[in-house]
Amino acid sequence: MADAIRADARRNRDKLLEVATASFATAEGRPVSLESIARDAGVGIGTLYRHFPSREALVEAVYRAELAEVAAAAEQLLKRHPPKAALRRWMDRYASFVAAKRGMAESLHAMFDSGAMEPSQTRASIVGAVELLLRAGADDGSLRADVPADDVVSSLIGIFLASGSPEQTGRMLDLLVAGAATPGRL
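Please read all numbers here as calculations on a predicted model, not as lab measurements.

S.K.: How would you sum up the overall build of the protein? Please name residues and give values.
M.R.: Counting secondary structure elements, the protein contains nine helices and zero strands. When its helices and strands are written in sequence order, the protein yields α-α-α-α-α-α-α-α-α. Burial status across the protein gives 40% buried among its 186 residues. Long-range pairs, those at least 24 residues apart, make up 67% of the contacts in the protein between residues at least 6 apart in sequence.

Now the structure itself:
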């Protein structure tokens, strides 16, 4: 019986994280109520608070899970796509991560201010994923070997800050990949 309770609690926690991730990603900077997250996950607010005693605890859990997924996506994409295509697809996944962070901005600032997580941890995870993709592309000759991963990450951040629409973001990401491509292999 205890295993069934633990499995049920785990399912509830996973569903809360899934719904919270989607809610923050589509919030476009608007506040997201914890009550709506609980309701959309099919649980009561008490269940949400048992798993996540505060908004910051929920945001931290969503953030950490998404960051781990974004970093792991690079390797998964390389298993299914050539490196240049994997890089471009990974950029789309990273754009979704950034969109989710916008909906959590206030809580993320509090989390960083408290020292619960360092922005450098995020950057290191993202740079590591880009390094993996660039190295694979350099190995197969599709991507330039002289492009630093940190430069790509800085460019991505600039694109996400400057872009006015998803369509423009896509075009700018295409330009960034073209710039990283080996000349003559666009």
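S.K.: Residue-level account of helix H2 (residues 34-41), with values.
M.R.: Listed as buried for H2 are Leu34, Ser36, Ile37, Ala38 and Ala41. With its phi angle positive at about 80 degrees, Gly42 sits one or two positions after the end of H2.

S.K.: I'd love a proper account of the packing of helix H8 (residues 149-162) against helix H9 (residues 166-180), names of residues and values included.
M.R.: Two elements in contact, H8 and H9, have axes separated by 10 Å at closest approach and are oriented at 160 degrees. It follows that H8 is roughly antiparallel to H9 by the angle criterion. Note that H8 runs across H9; the crossing there is right-handed. Listed contacts from H9 to Val152, Ser155, Leu156, Ile159, Phe160 and Ala162 of H8 are Gln168, Thr169, Met172, Leu173 and Leu176.

S.K.: Now, about the packing of aromatic side chains: what can you tell me, with residues and values included?
M.R.: Across all of its chains, the model carries four aromatic pairs by this definition. Relative to Phe97, the ring of Tyr63 lies with its centre 5.6 Å away and its plane at 40 degrees, an arrangement referred to as tilted. In this pair, Tyr63 sits in helix H4 (residues 55-80) while Phe97 sits in helix H5 (residues 83-102), placing the two residues 34 residues apart along the sequence. Here Tyr63 falls in the buried class, since its relative accessible area comes to 0%. Exposure remark for Phe97: the relative accessible area of 0% places this residue in the buried category.

S.K.: Tell me about the pattern of salt bridges, and please be specific about residues and values.
M.R.: With the rule as written, the count across this model stands at 11 salt bridges. The salt bridge involving Arg88 is made with Asp174; its shortest N-O contact spans 2.6 Å. Pair noted here: Arg88 is in helix H5 and Asp174 is in helix H9, with a separation of 86 residues, a long-range link. Put simply, Arg123 and Asp150 hold a salt bridge, and the shortest N to O gap is 2.9 Å. Residue Arg123 is found in helix H7 (residues 119-140), and its partner Asp150 is found in helix H8; the two are separated by 27 residues along the sequence. Owing to a relative accessible area of 28%, Arg123 belongs among the partly exposed residues under this scheme. A single network of salt bridges, built from pairs that share partners, joins Glu66, Glu69 and Arg93.

S.K.: Any chance you could break down the nonpolar core for me, citing the residues and the numbers?
M.R.: Core analysis: the largest hydrophobic core is formed by 31 residues, its most contacted members being Trp90, Met91, Tyr94, Leu134, Val152 and Leu156. Elements with a contribution of two residues or more to this core: H4, H5, H7, H8 and H9. In terms of residue count, the dominant contributor to this core is H5 (seven residues). Not counting chain neighbours up to four residues away, the residues in contact with Trp90 comprise Val70, Ala73, Ala74, Leu77, Ile126, Ala129, Val130, Leu133 and Leu156. Counting residues in hydrophobic clusters, the runner-up holds 18 residues, among them Val32, Val43, Leu58 and Val59.

The rules we used
Residues numbered from 1 in each chain as written. Predicted model: local features only at pLDDT ≥ 70, side-chain atom pairs only at ≥ 80, totals over all residues. Heavy atoms only, no water. Helix = DSSP H or I, 4+ residues; strand = E, 2+ residues; numbered from the N terminus. Buried < 20%, exposed > 50% of the residue type's maximum accessible area, 1.4 Å probe, protein only. Contact = heavy atoms within 4.5 Å. Axes fitted to C-alpha atoms, helices over the stretch in contact; angles between N-to-C directions. Parallel < 35°, antiparallel > 145°, perpendicular 65-115°, else oblique. Left-handed = near helix turned anticlockwise from the far one by under 90°. Phe/Tyr/Trp six-rings, centres within 6.5 Å; stacked < 30°, edge-to-face > 60°. Salt bridge = Lys/Arg side-chain N within 4 Å of Asp/Glu carboxyl O. Core = buried A, V, L, I, M, F, W, Y, C linked by side-chain atoms within 4.5 Å.

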